[in-house]
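# Close look at the chain arrangement
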Amino acid sequence: MTLQIDDSNRVRTLTLNRPEALNAFNEALYDATAQALLDAAEDPQVAVVVLTGAGRGFSAGTDLAEMQARITDPNFTNGKYGFRGLIEALSAFPKPLICAVNGIGVGIGTTILGYADLAFMSSTARLKCPFTSLGVAPEAASSFLLPQLVGRQNAAWLLMSSEWVNADEALRMGLVWRVCAPEGLLSEARRYAENLAARPISSLMAVKHTIMEPIRPQIAAASAREHAHFAELMGAQHNAAALADFSERRRT
């Protein structure tokens, strides 16, 4: 089971469950997470969703083996929703979304925080946007959402440098809302989630709608720009070299 789903006190916890791959997103996990968000949106018993990861990682981003297969394998089969479907589900999600970053977050494991209404991070976790090291473009409307969240210069560093950011730096930037001891992370995130879940769902959704609706067209436009750049760069010289190097390191 690539995604674990647990309900308690009107809070649905979604746990990314590929610990052997540091919860990297393959097509199955993209599909399962997108479907879980769509289901939670429609479920009248769910007021708040908490997203976290199993094991040492929050998410190591897109599974690079699948990224390479998408380029080289003519028989590669895309999932029902895939990456784009997950981003659409995140953008449209009408209820509070809380992320609890329990370990490393790479790529979508960082950019997904642009969709979080509250983000909690373990003091031992680290975040990275590796796009330039992979020779590709930003993703998940991060080129719009991250400047909104952390300011243009912090966003430029995150998206251009491919460098790690620790929990203290993420908090200083405003990328996360609270830093917690590792053993207390999930209980703290759930404590805040249950506080929100005690409110009327209709009111929570009204607040979320008034915050998100004005920027949804900009999210869609940013995603379209990013997809165009990604299509141009994926499989090109720098990306192919980075993926070949990744494959070589996996074999040794």
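As shown above, the structure is provided for reference.
The shown structure was predicted, so the numbers you read here are calculated from the model rather than taken from an experiment.

Rules of the game
- Residues numbered from 1 in each chain as written.
- Predicted model: local features only at pLDDT ≥ 70, side-chain atom pairs only at ≥ 80, totals over all residues.
- Heavy atoms only, no water.
- Pairing = 2+ DSSP bridges.
- Helix = DSSP H or I, 4+ residues; strand = E, 2+ residues; numbered from the N terminus.
- Axes fitted to C-alpha atoms, helices over the stretch in contact; angles between N-to-C directions.

## Overview of the sheet that holds strand β1 (residues 3-8)
Neighbouring strands of a sheet are bound in pairs by backbone hydrogen bonds; such pairs are parallel or else antiparallel. Taken together, six strands build an open sheet; the order of strands is β1-β2-β3-β5-β7-β10 and the sheet is mixed. Edge positions in the open sheet fall to β1 and β10 (178-180), since each of these has one partner strand only. When the angles between neighbouring strand axes are averaged without regard to direction, this sheet yields 20°. Where β1 meets strand β2 (residues 11-16), six bridges bridge the pair, whose relative direction is antiparallel.

## Looking at the sheet that holds strand β8 (residues 126-128)
Across the sheet, which stays open at both edges, the four strands sit in the order β4-β6-β8-β9 with mixed pairing between neighbours. The sheet is open, and its two edges are formed by β4 (57-59) and β9 (165-166), each paired on a single side. The sheet contact formed by β4 and strand β6 (residues 104-106) spans two bridges and is parallel. The residue of β6 that forms the bridge with Gly-57 is Ile-104.

Structural measurements only, silent on function.
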